[in-house]
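# What the coordinates show
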Amino acid sequence: MRAADTVLVGEVLSPSNTQSDIEAKKSLYAAAGILWYWEVTLRPDISAIATIRAYGLETGVATLPEGVRPLHRSDFRLVGEWTHTDPVGVSFGYPFPIYIGWSALAF
C-alpha cells in the first residue's frame, strides 16, 4: 500500500508502545502526507477500549523568528477524543462520516 492511497491510519496501542515510538510513527505518517491518524488505547485492567483519539494532519507553519526553521513541516493535531463514558459512541465527520456505538466495540 502506498501513502498516497491511504486516507486514514489507525493503530491499537499496547502497553509495550512507548511515547517516543508513537510520536516517531506519527511523524513518519505526517511526512508521508497521510491526512488522518487514529489511536485506540486499551484499558489495562480489562479487555476494553479506554480512549479513541482522532488526529488530523496540519501542514501550515506558524510565523517563526528570522533564521528559525521548523523541524517538521507537518504534524498531527488532536481533533477528536472519545472514551467509554461518552454515551453516543464515536461520531466524526472526517475523512468520511464515521459512527461506531460502544456496543459495537465490545470484545
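You'll find the structure just up there.
These remarks concern the structure in this document. Worth saying up front: this structure is predicted, and the values here are computed from it rather than measured. (Residues numbered from 1 in each chain as written. Predicted model: local features only at pLDDT ≥ 70, side-chain atom pairs only at ≥ 80, totals over all residues. Heavy atoms only, no water.)

The final tally for this structure, using the stated rule, is four salt bridges. Of the charged contacts in the structure, one is a salt bridge between Glu23 and Lys26, with a shortest N-O distance of 3.5 Å. With a gap of three residues between them, Glu23 and Lys26 both fall in helix α1 (residues 19-31), about one helical turn apart. For the salt bridge of Arg53 with Glu81, the shortest nitrogen-to-oxygen distance reads 2.9 Å. Within this pair, whereas Arg53 is found in strand β3 (residues 49-58), its partner Glu81 is found in strand β4 (residues 75-83), the two being separated by 28 residues in sequence. Under the relative-accessibility criterion, Arg53 is labelled partly exposed at 22%. With relative accessibility at 41%, the residue Glu81 sits in the partly exposed group. (Salt bridge = Lys/Arg side-chain N within 4 Å of Asp/Glu carboxyl O. Helix = DSSP H or I, 4+ residues; strand = E, 2+ residues; numbered from the N terminus. Buried < 20%, exposed > 50% of the residue type's maximum accessible area, 1.4 Å probe, protein only.)

Let's shift gears to the packing of aromatic side chains. If you walk through the whole model with that rule in mind, you get nine aromatic pairs. For the pair Trp36 and Phe92, a centre-to-centre distance of 5.8 Å together with 80° between the ring planes defines the contact as edge-to-face. Of this pair, Trp36 sits in strand β2 (residues 36-42) while Phe92 sits in strand β5 (residues 90-92), and the two are 56 residues apart along the sequence. Looking at Trp36, the relative accessible area reads 15%, which means it is buried. With a centroid separation of 6.0 Å and an interplanar angle of 80°, the aromatic rings of Trp38 and Phe92 are classed as edge-to-face. Of this pair, Trp38 sits in strand β2 while Phe92 sits in strand β5, placing them 54 residues apart in sequence. Taking the relative accessible area as the measure of exposure, Trp38 reaches 9% and is therefore buried. One aromatic cluster is present, formed by Trp36, Trp38, Trp82, Phe92 and Tyr94 through successive ring pairs. The residue whose ring lies beneath Lys26 is Tyr55, and the NZ or CZ to ring-centre distance is 3.8 Å. (Phe/Tyr/Trp six-rings, centres within 6.5 Å; stacked < 30°, edge-to-face > 60°. Lys NZ or Arg CZ within 6 Å of the ring centre and 35° of its normal.)

The next subject is the environment of Phe96. Residue position: Phe96 is located in the loop between β5 and β6 (98-100). A relative accessible area of 43% means that Phe96 is categorised as partly exposed. In sequence terms Phe96 and Leu8 are 88 residues apart; their C-alpha atoms lie 10.0 Å from each other.

Residue Lys26 is classed as buried on the basis of its relative accessible area of 6%. When residues no more than four places from it in sequence are discounted, the contact partners of Lys26 are Tyr37, Glu39, Tyr55 and Phe76. (Contact = heavy atoms within 4.5 Å.)

The buried count for β3 comes to eight of 10 residues, which makes it a mostly enclosed element. The pairing of β2 with β3 spans seven bridges and is classified as antiparallel. Pairing of Leu42 across the sheet is with Ile49, part of β3. Hairpin connection between β2 and β3: a loop of six residues separates the two successive antiparallel strands. Across eight bridges, β3 lies against β4 in antiparallel orientation. Looking at β4, one finds that Tyr55 is bridged to Leu78. (Pairing = 2+ DSSP bridges.)

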